[in-house]
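Descriptive structure summary
Below, each chain spelled out in residue letters.
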Amino acid sequence: MAIRRAVLIGSLVVLAVLIEVSLLAPLPWWSATPPLALVVVAAVAFVFGSVTGAVTGFATGVLVDLVPPAEGTVGVSALILTLVGYGLGRVFDSDERPWPITTGLTAVAGGVAVVAAAALGGLLGDPRVRWEEVPSMTVAAAVYAGILSLVVVPLVRWVSRRVVPEAFGR
Amino acid sequence: MKDVRRARLILAILVLASITLIVLDLRGGGSGPIQPLRSATAAVFGPLERGVTAAFSPIGRLVDSVSQLGDQQVRIDALEAQNEELRIAVDTAGVDLARVAELDALLGLAADTAVDIVPAQVIAVGPAQGFAWTVAIDAGSIDGIEVGMSVINGGGLLGRTVSVGPDTSTVLLLVDATSTAGGRLAGSSQIGIVSGTGRQDLLTMQLLDPLAAIDVGDVVVTFGSQGGRPFVPGIPIGRVESVSGTPGQLTRVANLVPYADASRVTLVGVVVAQQRTEPRGVIPAPQPAEQ
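Residues numbered from 1 in each chain as written. Chains lettered and ligands numbered in written order. Predicted model: local features only at pLDDT ≥ 70, side-chain atom pairs only at ≥ 80, totals over all residues.

1. A few points about the sheet that holds strand 10 (residues 236-244) of chain B
Residue and element names in this part refer to chain B. The sheet built from 6 strands closes into a barrel, its strands ordered 6-7-8-11-10-9 with antiparallel pairing. Neighbouring strand axes in the sheet, compared pairwise and without regard to direction, differ in orientation by 40° on average. Sheet analysis places strand 9 (residues 219-222) next to strand 10, joined by 3 bridges and oriented antiparallel. Note that in strand 10 the partner of V221 across the bridge is P236. (Pairing = 2+ DSSP bridges. Helix = DSSP H or I, 4+ residues; strand = E, 2+ residues; numbered from the N terminus. Axes fitted to C-alpha atoms, helices over the stretch in contact; angles between N-to-C directions.)

Listed below in structure tokens is the structure:
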């Protein structure tokens, strides 16, 4: 079960990162680009809880920091997504959550991730951070994350039930 | 209660691991322990990104065509593109003329800065939330790409390669806030340092000569680096939009509009070699007049 779960989550994460940089980011979006990898981490956290959420967030973040064309500091996304995965996994205990709650939480996580990335960048002396753009990026990322979660969260839940039914205790 | 403690422990371990990675990457720089990780990831994910781009390129085209609905908009876009092409042709003609007038006319030989390029397609773009302007292209070391090569598109200079995998490379665009390039004003030949601002439509150029004449509309081309790395000379960068002469500062700053549109790059060329098509002959010194 553990292996099947790891393979499932690993495939989801790799697919999400690839789609984010190769398909979504090249299109002309307003301000931010849709944070698909973050939404998948959120969905996994909702389904499997905080421990799996944190581990998934860490692995996804390391991947996001390393996959070309990433040029930022390795570990920044890992730190942020670890906290996102842990936090969203902790908020509720049941695996059946109504969609307004998951959507709202994912949107908040999308926005917080932008602010956290900017703050960490500023802290580490990254000359690229431009604070005047952070508010619009935060709003855009939150909206995109919320919209993506409407599709991604049910999808991840459905696939997880299919592949690892034991995790749901029935 | 035990579960919560275990979760907290795992969280603490992962946070520490993240911070360790950050420190390793920041301290290590280009040769740190993170670099092999990056290379390995590029080797694995480059081909995957190529595959995803190839498989889904019809979707991108569909989105493009939907967003360009209406014949008028298409016509305007086509005319704007043509206008831009013509303007660049006119501007760069001035560059050639100035160079010819300066040195090559004296020698009687036309120097040609023909460059050999490897064409490549953009296969991934860094998320805007990362604040970095980088793209991944589908050409790598097996195509002869090396770190620190100029990358151009139809408009002008786009950036330079910063890391190269077997069949993909990462390009740091000139508009990235950490990018700099040597620039030269075509015509007056004043030199300066062109820096990215992080905004796609703005570059700044610090002129080394505080008294240099610089006008709105002047064309800036690359000054060229030693051995043509990372930048080969004579590639158009952008047009001067405004000049802010800060009193008290030793240099003047010009704001440039880049020729290459960083927001919508699809096809680029990596300059792998610069050739001199016409050899320069030696002009013997005139015989001193006998007295």
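2. Digging into the pairing of strand 5 (residues 169-173) of chain B
Two faces belong to every sheet, and in a regular strand the side chains alternate between them. Residues and elements named next belong to chain B. Taken across its 5 residues, strand 5 has 5 buried, putting it largely inside the fold. Relative to strand 5, strand 2 (residues 134-137) runs antiparallel, the two sharing 4 bridges. By the bridge assignment, V135 is partnered in strand 5 with V171. The sheet contact formed by strand 4 (residues 157-164) and strand 5 spans 5 bridges and is antiparallel. Residue R160 lies in a different strand from strand 5, and its bridge partner there is L172. The hairpin turn running from strand 4 into strand 5, its antiparallel successor, is 4 residues long. (Buried ≥ 20, exposed ≤ 12 C-beta atoms within 10 Å, placed from the backbone.)

3. Some details on the confidence of the model for chain B
All names here are of chain B. Taken over all residues, the pLDDT of chain B has a mean of 77, while the share at 70 or more is 78%. No element of chain B has a lower mean pLDDT than helix 3 (residues 71-107), at 63, and none a higher one than strand 5, at 91. Our summary of model confidence lists the complex with pTM equal to 0.73 and ipTM equal to 0.82. (pLDDT = per-residue confidence, 0-100.)

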